[in-house]
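# A look at the structure
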Amino acid sequence: MSQQQSDLEKLALQQVQSLYGQTGVGVDIELISDINIENETFIERNFTLAEQEYCWGRPNAHASFAGKWCAKEAVIKAVSSADLDLEKVWVKGSAAPLIDIEIAIGTSGAPMVVLHGEAKDAVEKTKVTQIKVSISHIDTFAIATAIAY
């Protein structure tokens, strides 16, 4: 993570906490080409069947998978930063599958977070009751922001 990205995350967290109290913010950006959608094991370990169907049905499946991946990573960062005095929430490490963090599509068309299994258990250890995400992608990059409160 670059110093500039770290500084932006800290500033965003400070602004949100001043408005809402205990709130976490997470941001993730990826090169779309870094998300290997040809690797079936990667897709099956990290994306629910509903997410896979959605992404494969989009005009740019690669960008859709990258966007959902960024959202999952942003969720982890947001929940982890919601209460800085809390013991580490995500204990599986960087190679852990992210399938338990589902990025579904709400009725409005906006992405929404649905937690399952170990991710749901981890978040229940915090004071977080809501997680909102926003996803965008263009050309070669995908980005997502998450707010946990």
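Residues numbered from 1 in each chain as written. Predicted model: local features only at pLDDT ≥ 70, side-chain atom pairs only at ≥ 80, totals over all residues. Heavy atoms only, no water.

As recorded in an unreviewed UniProt entry, the chain goes by the name Fatty acid synthase alpha subunit Lsd1, listed as coming from Coemansia spiralis. The record held by UniProt for the chain lists under Sequence similarities (unreviewed entry) the comment "Belongs to the thiolase-like superfamily. Fungal fatty acid synthetase subunit alpha family." (UniProt positions renumbered as here; feature names shortened; annotations may be inferred.)

Here the focus is the pattern of salt bridges. Counted according to the given criterion, the structure contains 2 salt bridges. Notably, a salt bridge pairs Lys77 with Asp28, separated by 3.2 Å at the nearest N-O pair. Of this pair, Lys77 sits in helix α4 (residues 61-81) while Asp28 sits in strand β1 (residues 24-31), and the two are 49 residues apart along the sequence. The partly exposed category is assigned to Lys77, whose relative accessible area is 26%. The exposure class of Asp28 is buried, given its relative accessible area of 6%. When the shortest N-O distance is used, the salt bridge between Lys72 and Glu51 registers 3.0 Å. Here Lys72 is found in helix α4, whereas its partner Glu51 is found in helix α3 (residues 49-56), with 21 residues between them in sequence. (Salt bridge = Lys/Arg side-chain N within 4 Å of Asp/Glu carboxyl O. Helix = DSSP H or I, 4+ residues; strand = E, 2+ residues; numbered from the N terminus. Buried < 20%, exposed > 50% of the residue type's maximum accessible area, 1.4 Å probe, protein only.)

A few words on the pairing of strand β3 (residues 111-115). Looking down a regular strand, the side chains alternate between one sheet face and the other. By the bridge criterion, 5 bridges tie strand β2 (residues 101-105) to β3 in an arrangement that is antiparallel. Bridge pairing in β3 places Ile103 opposite Val113. (Pairing = 2+ DSSP bridges.)

Quick look at α3 now. Within the span of α3, buried status applies to Glu51, Gln52 and Cys55. Mapping the buried residues of α3 onto a view down its axis gives an arc of 100°, with all of them on the same face. Across α3 from its buried face, at more than 90 degrees, point the exposed residues Leu49 and Glu53. Along its buried surface, α3 packs onto α2 (40-46), α4 and β2. (Arc of directions from axis to C-beta. Contact = heavy atoms within 4.5 Å.)

For the rest of this paragraph, the subject is the layout of surface pockets. Here the second largest pocket is characterised by a volume of approximately 210 Å³. If you trace the second largest pocket, you find 13 residues lining it, with Tyr54, Ser64, Ile105, Ile135 and His137 closest to the centre. Those elements giving two or more residues to the lining of the second largest pocket turn out to be α4 and β4 (131-138). Grouping the constituent residues of the lining of the second largest pocket by class yields 6 nonpolar, 5 polar and 2 charged. (1 Å grid on protein atoms, 1.4 Å probe; cavity = no way out; pocket = protein on both sides within 12 Å on 5 of 7 lines; lining within 4 Å. Points joined across faces, edges and corners; volume = space filled by probe spheres on them. Nonpolar A, V, L, I, M, F, W, Y, C, P; charged D, E, K, R; others polar.)

The next thing to look at is the pairing of strand β5 (residues 141-148). The two faces of β5 differ: Ala142, Ala144, Ala146 and Ala148 on one face are buried, but Phe141, Ile143, Thr145 and Ile147 on the other face are not. Alignment of β1 against β5, held across 8 bridges, turns out to be antiparallel. Opposite Val27, over in β5, you have Thr145 as the bridge partner. As judged from the 8 bridges shared by β4 and β5, these two strands associate in the antiparallel manner.

One pass over the structure, following the stated rule, counts 1 cavity of 30 Å³ or more. Along the walls of the largest cavity sit Gln22, Ala82, Asp83, Thr126, Lys127 and Val128, which together make up its complete lining. A breakdown of the residues in the lining of the largest cavity according to their chemical character gives 2 nonpolar, 2 polar and 2 charged.

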